Amino acid sequence: MSFMGGWNNAANQSVNMQNMAMAEQELEMVSDLFNRIVSSCHQKCIPKTYIEGDLNKGEAVCIDRCVGKFFEVNKSVGTKLQQMSGAGLPM
């Protein structure tokens, strides 16, 4: 009985390590996405010289639209890639 319990424990550890690796990969992807959004939207919406400590209304609206567009494009590209992979088309 201890043999089966030991095997089950080893299998659980293997699954936990796989889950941990997938979580780390997902965290890296989300961090990369966040950094790309910040870089792109900051470059487009905020002037090089800061006049105020806070965002003004125009900058805030620009950032809101920029982030929205970034996510919309990201979603569209992901959907298209899934369709292509489901149809067996080369990517």
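For the structure, see preceding data.
Read on for a plain summary of the structure. Treat the numbers as computed from the prediction; the structure is a model and nothing was measured. (Residues numbered from 1 in each chain as written. Predicted model: local features only at pLDDT ≥ 70, side-chain atom pairs only at ≥ 80, totals over all residues. Heavy atoms only, no water.)

Before going further, it helps to examine the nonpolar core. Grouped burial of nonpolar side chains is what soluble globular proteins tend to show. Leu33, Ile37, Cys41, Cys45, Ile46 and Cys66 together form the largest nonpolar core, which totals 6 residues. Considering each element in turn, this core owes the most residues, 4 residues, to helix H1 (residues 2-45). Contact partners of Cys45, with chain neighbours within four places excluded, come to Glu59, Cys62, Ile63 and Cys66. (Core = buried A, V, L, I, M, F, W, Y, C linked by side-chain atoms within 4.5 Å. Buried < 20%, exposed > 50% of the residue type's maximum accessible area, 1.4 Å probe, protein only. Helix = DSSP H or I, 4+ residues; strand = E, 2+ residues; numbered from the N terminus. Contact = heavy atoms within 4.5 Å.)

Another aspect to go through is a nonpolar patch on the surface. On the surface, Val73, Val77 and Leu81 cluster together into a nonpolar patch covering about 240 Å² of accessible area. Assessed through its relative accessible area of 44%, Val77 is described here as partly exposed. (Patch = residues over 30% accessible without salt bridge, like charges linked within 9 Å, V, L, I, M, F, W, Y side chains within 5 Å. Areas by Shrake-Rupley, 256 points an atom, 1.4 Å probe, with all protein chains shown as cover. Salt bridge = Lys/Arg side-chain N within 4 Å of Asp/Glu carboxyl O.)

So, on to the side chain of Glu59. Inspection of the secondary structure assignment puts Glu59 in helix H2 (residues 57-86). With no salt bridge to any partner, buried Glu59 finds its closest opposite charge in Lys48, at an N-O distance of 12 Å. In this structure Glu59 touches Cys45, Ile46, Pro47 and Asp54, once residues within four positions along its chain are discounted. (Lys, Arg positive; Asp, Glu negative; His and termini not counted.)

A complete count under the given rule lists 2 disulfides for this structure. One disulfide in the model links Cys41 with Cys66; its S-S distance is 2.0 Å. Of note, the bridge from Cys41 to Cys66 carries an S-S torsion of about -90 degrees and is left-handed in sense. Here Cys66 lies in helix H2 and Cys41 lies in helix H1, a separation of 25 residues in the sequence. Owing to a relative accessible area of 3%, Cys41 belongs among the buried residues under this scheme. (Disulfide = S-S within 2.5 Å.)

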